[in-house]
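Inside the fold
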There are 4 protein chains.
Amino acid sequence: MIPRPKTNASVSPKGSLETLSQREVQQLRETGSGSVYRLFRQCALAILNTGSHSDNAKTILEAYPDFEVRIHQQDRGIRLELLNAPADAFVDGEMIASTREMLFSALRDIVYTQSELENKRVDLDSSEGITDYVFHLLRNARTLRSGLEPKMVVCWGGHSISTDEYKYTKKVGHELGLRGLDICTGCGPGVMKGPMKGATISHAKQRIHHGRYLGLTEPGIIAAEAPNPIVNELVILPDIEKRLEAFVRVGHGIIVFPGGAGTAEEFLYLLGILTHPDNRDLPFPVVLTGPKSAGQYLQQLHAFIGATLGEEAQRRYTMILNDPSEVAREMAKGIKAVTRFRREHNDAFHFNWMMKIDEGFQRPFEPTHANMASLRLGRDLPLHELAANLRRAFSGIVAGNVKENGIRLIEEHGPYEIAGDKAVMQPLDELLRAFVSQHRMKLPGGSAYEPCYRLRA
Amino acid sequence: MIPRPKTNASVSPKGSLETLSQREVQQLRETGSGSVYRLFRQCALAILNTGSHSDNAKTILEAYPDFEVRIHQQDRGIRLELLNAPADAFVDGEMIASTREMLFSALRDIVYTQSELENKRVDLDSSEGITDYVFHLLRNARTLRSGLEPKMVVCWGGHSISTDEYKYTKKVGHELGLRGLDICTGCGPGVMKGPMKGATISHAKQRIHHGRYLGLTEPGIIAAEAPNPIVNELVILPDIEKRLEAFVRVGHGIIVFPGGAGTAEEFLYLLGILTHPDNRDLPFPVVLTGPKSAGQYLQQLHAFIGATLGEEAQRRYTMILNDPSEVAREMAKGIKAVTRFRREHNDAFHFNWMMKIDEGFQRPFEPTHANMASLRLGRDLPLHELAANLRRAFSGIVAGNVKENGIRLIEEHGPYEIAGDKAVMQPLDELLRAFVSQHRMKLPGGSAYEPCYRLRA
Amino acid sequence: MIPRPKTNASVSPKGSLETLSQREVQQLRETGSGSVYRLFRQCALAILNTGSHSDNAKTILEAYPDFEVRIHQQDRGIRLELLNAPADAFVDGEMIASTREMLFSALRDIVYTQSELENKRVDLDSSEGITDYVFHLLRNARTLRSGLEPKMVVCWGGHSISTDEYKYTKKVGHELGLRGLDICTGCGPGVMKGPMKGATISHAKQRIHHGRYLGLTEPGIIAAEAPNPIVNELVILPDIEKRLEAFVRVGHGIIVFPGGAGTAEEFLYLLGILTHPDNRDLPFPVVLTGPKSAGQYLQQLHAFIGATLGEEAQRRYTMILNDPSEVAREMAKGIKAVTRFRREHNDAFHFNWMMKIDEGFQRPFEPTHANMASLRLGRDLPLHELAANLRRAFSGIVAGNVKENGIRLIEEHGPYEIAGDKAVMQPLDELLRAFVSQHRMKLPGGSAYEPCYRLRA
Amino acid sequence: MIPRPKTNASVSPKGSLETLSQREVQQLRETGSGSVYRLFRQCALAILNTGSHSDNAKTILEAYPDFEVRIHQQDRGIRLELLNAPADAFVDGEMIASTREMLFSALRDIVYTQSELENKRVDLDSSEGITDYVFHLLRNARTLRSGLEPKMVVCWGGHSISTDEYKYTKKVGHELGLRGLDICTGCGPGVMKGPMKGATISHAKQRIHHGRYLGLTEPGIIAAEAPNPIVNELVILPDIEKRLEAFVRVGHGIIVFPGGAGTAEEFLYLLGILTHPDNRDLPFPVVLTGPKSAGQYLQQLHAFIGATLGEEAQRRYTMILNDPSEVAREMAKGIKAVTRFRREHNDAFHFNWMMKIDEGFQRPFEPTHANMASLRLGRDLPLHELAANLRRAFSGIVAGNVKENGIRLIEEHGPYEIAGDKAVMQPLDELLRAFVSQHRMKLPGGSAYEPCYRLRA
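Keep in mind the model is a prediction, meaning the values are calculated, not measured. (Residues numbered from 1 in each chain as written. Chains lettered and ligands numbered in written order. Predicted model: local features only at pLDDT ≥ 70, side-chain atom pairs only at ≥ 80, totals over all residues. Heavy atoms only, no water.)

1. Focus on the interface of chain B and chain A
- With 29 residues of chain B at the interface, the matching set in chain A holds 28 residues.
- Roughly 2,500 Å² of surface becomes buried between chain B and chain A when both sides are summed, with 43% attributable to carbon and sulfur atoms.
- The tally of links between chain B and chain A comes to zero salt bridges.
- Between chain B and chain A we count zero residue pairs in polar contact (both at pLDDT 80 or more) in total.
- Elements with a contribution of two residues or more to the side of chain B that touches chain A: helix 1 (22-33) and helix 5 (127-140) of chain B.
- Examining the composition of the side of chain B that touches chain A, we find that six residues originate from one element, helix 5 of chain B, more than from any other.
- Per-class residue counts for the side of chain B that touches chain A are six nonpolar, ten polar and 13 charged. (Contact = heavy atoms within 4.5 Å. Buried area = accessible area lost by both parts, 1.4 Å probe. Salt bridge = Lys/Arg side-chain N within 4 Å of Asp/Glu carboxyl O. Polar contact = N/O pair within 3.5 Å; in protein donor to acceptor, adjacent residues only side chain to side chain. Helix = DSSP H or I, 4+ residues; strand = E, 2+ residues; numbered from the N terminus. Nonpolar A, V, L, I, M, F, W, Y, C, P; charged D, E, K, R; others polar.)

Structure below.
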């Protein structure tokens, strides 16, 4: 491996970390040497690596083994000292403004999370408590702004997609931006970057100087999916379930682009929530879309939803093939309905309090073989429960494919056994096969895909 | 008593209370019915009474016996409903913007204080803990702003002074504003209003659009000294000691105008701190000033300081008679030295971390007869301890003069006995006599002043 | 005379004079030595004298006989060098921001006027041409701003009034500012300052950071009535008629406070325009008001209007005695009607294009004995013509009282002869006598008033 | 030809056309029907066509034969009514903000030019007069802003270049934007768009919200090179010479990318000015650059400069091959020197007054056969005169290639004869042959290039 250029630097924060008490600075410094240090170091490295392409977490971490970040106390606040940092984060010795911002966003979120947990101010035992926690994390990050009309469009999809699909997401982003809409994604590359890039250009055309490009991530994936540099608001949620909840509470509509098992997981999460009886009358625009080349993929996903969750679930989204401006129009129209609804119900524009999220969707699912095997997958289940279990199945597959502990489990015990009614298992089997044949399953090494699951009807 | 015009209204917040979680709204509503309600109602009434003259707390409270404030929950935030509120706070049915702001500042501070105390996040057992608490209260009120050059001048003095003295404070404020300086006071009438009014005009002349007029108050006096409407930042500290600490940590210099026992208490507090050995090299400009007509008063106060605390204490302030522009120049020069010092020592501009405040000054002094009698007042004490005890003596006199519980104690047990060395007691006696003869002792009823103390050498 | 403190200084412009071509700088420098220099020097001196009280033009000019202002060329723009300038315009050696602004406003207006006239771009032969010229002068001064709702209230009245009347104008200004209204005056002391001062305080209360305090003056009076320092937009119109037109085209309503012959002239000008048949349906709120002590004055003026111009003219204004908030409410209500009307007729908010101003009101009236003697003053004339002639009569009286050339004419030829129908002359006589007895006639020396006119029925 | 989608619309201005006098509105309306209408219609059509690719002027004009633009008077200002306008300029029926801005910029510039010329305020007979005219046009367009540090980088090059070259210009723009630099181009596609697009992204990364993308064009080419939509300041200069002067006076440095005869013309114009003895000590960074694939082209151009204008001319620019960040660093360094120089010489940052431009470069060159034949092209000429004549030769070739009147002349009289010393003619011949073989000569039809010139040594 060619050694990468490295540099040392010292940076001071802007924004919420500007006025700290002496005690808080002390806490931060302890962070620098304590148990959360590894976490912060990893996030920092991912952020400094912003813009470098196609890296996975392991590669980045390995490329900068001697990277260090030290937190220094100053009476006025704090200062970060970076040793052996990726040189790409700097221009002529000065750190790029967006990188600096994100670095301190990471520090802010990790410290806040830590301090809330330590002080036991968080109630993770109730659904309301979890929602409250997500709210506080977002507010602390200054993401919740009163007085703004609804216009935040969440874009979901794969981080590693074809050039054709990437270009399509840029076009959709461009059309969204032309209509004054903002973008929220998982903040990495691929579908997480394309719409932001497109909107940056169209916001410029529409003379919108303060367009928002919100990236929601979590420590487990930030390294694999380094935030793209267009993100101008970065929030690191503590885990995948909080992040998913943040997406649906902060977004005013969602577009699902092509992706792999991860995208399927997100889509099922969303449909599971929207089909909950309490949410029946809640307007929330969802569009499933892709370029012409992704036509077959979209059809298959749509058919899978129909075969498992039925028409009711299908009615909660619109499928649009290869028509960026139609996607944007549909989204704009849907968000108008959201605005009207929130106004009528006196609900906040900045946080979707009225959306019901079952605790089942809020609690982490641990993909052990036992848990996977005992998932109930039958059409006799209430719609949103089947959706919840299907999401868990995909969550397990993602883990088995790419996450450290999932891979280890598969190595030890062989593939997961997933069982269920034939009416569900057959469409699932077909969808998974299609993902494999379309190369949408992430292959850690790059070799032929060896499924981490075995389906049984 | 002529019945005062009253009105009903409903107002929504701007600022820090804009994005609340459902749980926080719930807490606020409970405030509306719980134990802190009386406190909030009293502060709200004082604020709504802003601008009406010469009212004391009791009069205000009595004038609006059926005033009520209700906190309503809205999904988007909160709304206050006011019943039988003073009509003067409204213009053609709409609440004056500054009043609305202050109303929600009061709610913010009372709720924050309450919530911090309930959650036991405050460490009131150590000096550092108390300072930290003051810091958090001020930061939560958005009073601490990084990036601003030092320019906050604290003005102390009586709330009930002669027209001549009032005009003088306006002139000094005008000269301070001409030099770009901001004003912080106790936020009531008299010396607390004059400098702000003068600076408003001179800030306009200097095209300074965001001059700061910071008012620091506490629940015990806000009713007696209703915030004047020029105040554009209002913070309600929980008690007199926190408020005094806030003054000296947030101000970059202090001007002492004529006043009564309360002003003497503040001046002694300040000198007690500045003469602490740890603060010897800390630059902090203090000016004692007044118009020509206050010449005798200033001389007497100065002589008293000399006779009790000596030349060392006198060296920590400059006395300037009847020269507003010289006062402003001296203050501007002193603040430049503060700026230089903070920069060199890398200390925050917005909070004076380096100033040592002895716990003796931070802890409340309860003016019982026993406590008053056992105060040690001798020149053998270290300077700052004598100052601390003298401050306590004046604090007791203020309580015995005007505070509810102090008056009650005097009624029950007769005047306080204050004893000490002759070298201290004689000048004290002279000063107090002068206060009486100059009508600087507040007379609750307006009748001849009956001292609440008896001095003994 | 005690010599006044003087200082030398060098200042650079902010605003419209920032980007000049080399040719324009050259023109400006020539101004410095050419024929308009005297004019500019005189205006500059008046502006630098801002805030000093009770000076008349002659006194100021005589107090600084060696004051000089030099215009220096810099490639980047211009720089003014001031020699022997009034020291009061500076704070610790630095010029007060508002003074600096006004200095360059004067330069801008004088140079612009000069250059437009020299380049023959002005058509002063037609009514439309004159209006166009006024428009361009105001636009060049950046006074016309699109997108602002109507809220500019013109306040007219004497520059030398009683303390009681002055305080009343402050209260009215305060009430106007509470309702978000801006103030426009002739920019000197007295009625020209009071409302601005009151509004400064109430704008602060209402958190209005960019209240407008527009001063319209002309070279002939700026020296006598130095702009008060609250004025944050100063425009120097070339003569009294352009200034009067600017008032009625840029204001959205007018308040007439007590004053002398000059105020009467303004009031008659206004009524002459409003009673023109073309303006019959044009909403334009006018309020005649004063404190209790001015009750008799107001009644007399009102009666005079009734006796000469009749009820029709009286219907164009509302008289309100001693009720500042009622004045402000009436004005706010009237301006709402103006807004509605402009919107319906698609007229600009920033310039009252639709108001018809007869050429008779636009052309300067030269107060020679012959012109005064031949004024037709009879009730047989159309209303607006009688108003025009009455205005001319007052204009002549003002000149005969205080203006240099008027005084000279009176010295040479004795008092003006003013003749007319008894029905007009008798009320006029009474009004003038009242002005004299109430000391509203300006006395240059301070001695007993010797009328400059002789009335004949 | 497929009929293009069309739409009708009505738009109002923002910016400098907001406050117009009634007379100005009248003038504008007359524009709508008078002699300048054709010009405005053509520019408007080009602007509305913004973003559509590869159109030449004729195609656009032919595609919308029934396009009409009508100027309507409103008391408040003006309104444009568009009939049969290109539908691409609208999003869901609303005109894109940048397009609307540019439309009114065109109106502003055309009307201003017209009015200045009609009122004979322009002195086109002297070099100073022409420069003054350019200054006024730019100032009227609010392009000259005092108080900004020098950072405007002009990018020149072809509008029709290879994908590889286009991507390279984006990368260079990206690196310039990372260093906080702004972009100025001829405002069309190709090299005129790439750097702006790159800088938009990097300005976003650096949190620069008000990056400037200045487009300078002229009526003759705006139709062929429709402004790209990123341009946020558009100025239409009256002819090619004024436009070239605007480039060098408003830019703080220039980058020359690959292009054809037009780019050669620009480069020779620049070198002709920089080699003028008066400009010898004037710092002005110039970089000649391109991607690896353009290496041969750059070498040839460089060699041609060396062979004709010699090393002195070569010393005025730096050639950098395929290194975007080095280009940006060089430019940033050069602009620092410019800043220092301007500050020392007290010259404006916003307009390069000190640069000497010979009248020969300011006066239009008419490419008749006689003028072309009589161009003196010998090494005996002073450097800047040879440069001027070489520029004229290229200007003629551009006209003969693509401009309407040039093509007609060639059709009538055959190719231009260009004669000169062998030392000049041989390198010229080689350069032109290379342009042809590299397809850098614009071919109106797309057929094989038939030279419009004949060289003779």
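The rest of the description comes next.
2. Remarks on a positive patch on the surface
- A grouping of Lys-167 and Lys-171 of chain A together with Lys-167 and Lys-171 of chain D is seen on the molecular surface, where their side chains present a positively charged patch.
- Contributing elements (two or more residues each) for the positive patch: helix 6 (163-178) of chain A together with helix 6 (163-178) of chain D.
- By the element assignment, Lys-171 of chain A lies in helix 6. (Patch = residues over 30% accessible without salt bridge, like charges linked within 9 Å, V, L, I, M, F, W, Y side chains within 5 Å. Areas by Shrake-Rupley, 256 points an atom, 1.4 Å probe, with all protein chains shown as cover. Lys, Arg positive; Asp, Glu negative; His and termini not counted. Charge placed at Lys NZ, Arg CZ, Asp CG, Glu CD.)

3. Quick look at the relation of the copies chain B and chain C
- Relative to chain C, chain B is turned by 180° and slid 0.0 Å along the rotation axis, the superposed coordinates differing by an RMSD of 0.0 Å. Viewed as a symmetry operation, the transformation between the two copies matches a two-fold axis. Closest approach to the rotation axis among the C-alpha atoms of chain B is made by His-209 of chain B, whose C-alpha sits 2.9 Å away.
- Of the residues that chain B buries at the interface, 100% are likewise interface residues in chain C, meaning the two copies contact each other through the same surface. (Least-squares fit on C-alpha atoms with pLDDT ≥ 70 in both.)

4. Thoughts on the sheet that holds strand 6 (residues 152-156) of chain B
Residues and elements named next belong to chain B.
- Read across the sheet, seven strands follow the order 9-8-7-6-10-11-12 without closing on themselves; strand pairing throughout is parallel. With one partner strand each, in any of the chains shown, strand 9 (233-236) and strand 12 (318-321) form the two edges of the open sheet. Sheet twist, expressed as the mean angle between neighbouring strand axes with direction ignored, is 25°.
- Note that strand 11 (residues 286-290) and strand 12 share four bridges and pair parallel. In the sheet register, Gly-290 faces strand 12, and the bridge partner there is Leu-321. (Pairing = 2+ DSSP bridges. Axes fitted to C-alpha atoms, helices over the stretch in contact; angles between N-to-C directions.)

5. Notes on the interface of chain B and chain C
- On the chain C side, the residues contacting the 23 residues of chain B number 23 residues.
- Taken together, both faces of the contact between chain B and chain C bury some 2,100 Å²; the carbon and sulfur share is 62%.
- Three residues, Ile-201, Lys-205 and Arg-207 of chain B, lead the burial of chain B against chain C; their summed loss comes to 28% of the area buried on that side.
- The tally of links from chain B across to chain C stands at six salt bridges.

6. Describing the packing of aromatic side chains
- Evaluation of the coordinates by the stated rule reveals 36 aromatic pairs over all chains.
- Ring centres 5.2 Å apart and planes at 85° place the aromatic pair Phe-135 of chain B and Phe-351 of chain B in the edge-to-face group. With Phe-135 of chain B in helix 5 and Phe-351 of chain B in the loop between helix 13 (324-344) and helix 14 (359-362), this pair connects stretches of sequence that are 216 residues apart.
- Taken together, the aromatic side chains of Phe-135, Phe-351 and Trp-353 of chain A make up a single cluster linked through ring pairs. (Phe/Tyr/Trp six-rings, centres within 6.5 Å; stacked < 30°, edge-to-face > 60°.)

7. Structural notes on the relation of the copies chain B and chain A
- The operation relating chain B to chain A is a screw motion whose rotation component is 180°, with 0.1 Å of axial translation and a residual RMSD of 0.0 Å.
- When the interface residues of chain B are mapped onto chain A, 97% of them again fall at the interface, so both copies present the same face.

8. Remarks on the domain arrangement of chain A
All names here are of chain A.
- Each assigned domain of chain A is listed with its residue range as follows: domain 1 (6-121) and domain 2 (145-457).
- Each of domain 1 and domain 2 has a C-alpha centre, and the two are 29 Å apart.
- In this assembly, 19 residues from domain 1 lie in contact with 14 residues from domain 2.
- Interface of domain 1 and domain 2: buried area, both sides summed, is about 1,400 Å²; carbon and sulfur atoms make up 66% of it.
- Summed over the three residues of domain 1 that lose the most area to domain 2, namely Ala-46, Met-102 and Asp-109, the buried surface amounts to 27% of that side.
- Between the two partners, domain 1 and domain 2, sit three residue pairs in polar contact (both at pLDDT 80 or more).
- When contributions to the side of domain 1 that touches domain 2 are tallied by element, the ones reaching two or more residues are helix 2 (37-48), helix 3 (57-63) and helix 4 (97-118).
- Residue contributions to the side of domain 1 that touches domain 2 peak at eight residues, all from helix 4.
- Here the side of domain 1 that touches domain 2 is composed, by residue class, of eight nonpolar, seven polar and four charged. (Domains from an automatic or database assignment.)

9. Things to note about the packing of helix 11 (residues 295-308) of chain B against helix 18 (residues 422-437) of chain B
All names here are of chain B.
- With their axes 9 Å apart at the nearest point, helix 11 and helix 18 run at an angle of 165° to one another. Relative to helix 18, helix 11 is oriented roughly antiparallel. Read as a crossing pair, helix 11 and helix 18 show a hand that is left-handed. Together, Tyr-297, Gln-300, Leu-301, Phe-304, Ala-307 and Thr-308 of helix 11 and Ala-423, Val-424, Pro-427, Leu-428, Glu-430, Leu-431, Ala-434 and Phe-435 of helix 18 make up the contact between the two elements.
- Classifying every residue of the contact of helix 11 with helix 18 by side-chain character gives eleven nonpolar, two polar and one charged. (Parallel < 35°, antiparallel > 145°, perpendicular 65-115°, else oblique. Left-handed = near helix turned anticlockwise from the far one by under 90°.)

10. Details of the sheet that holds strand 8 (residues 213-217) of chain A
Residues and elements named next belong to chain A.
- The parallel open sheet is built from seven strands, whose spatial order is 9-8-7-6-10-11-12. Looking along the sheet, the strands with just one partner apiece sit at the ends: strand 9 (233-236) and strand 12 (318-321). On average, each strand axis in the sheet is tilted by 25° relative to the strand beside it, whichever way the strands run.
- With three bridges joining them, strand 7 (residues 182-185) and strand 8 adopt parallel strand pairing. Following the sheet pairing, Thr-185 is matched in strand 8 by Gly-215.
- Relative to the sheet, helix 7 (residues 194-205) contacts strand 6 (152-156), strand 7 and strand 8, its axis offset from that of strand 8 by approximately 165°.

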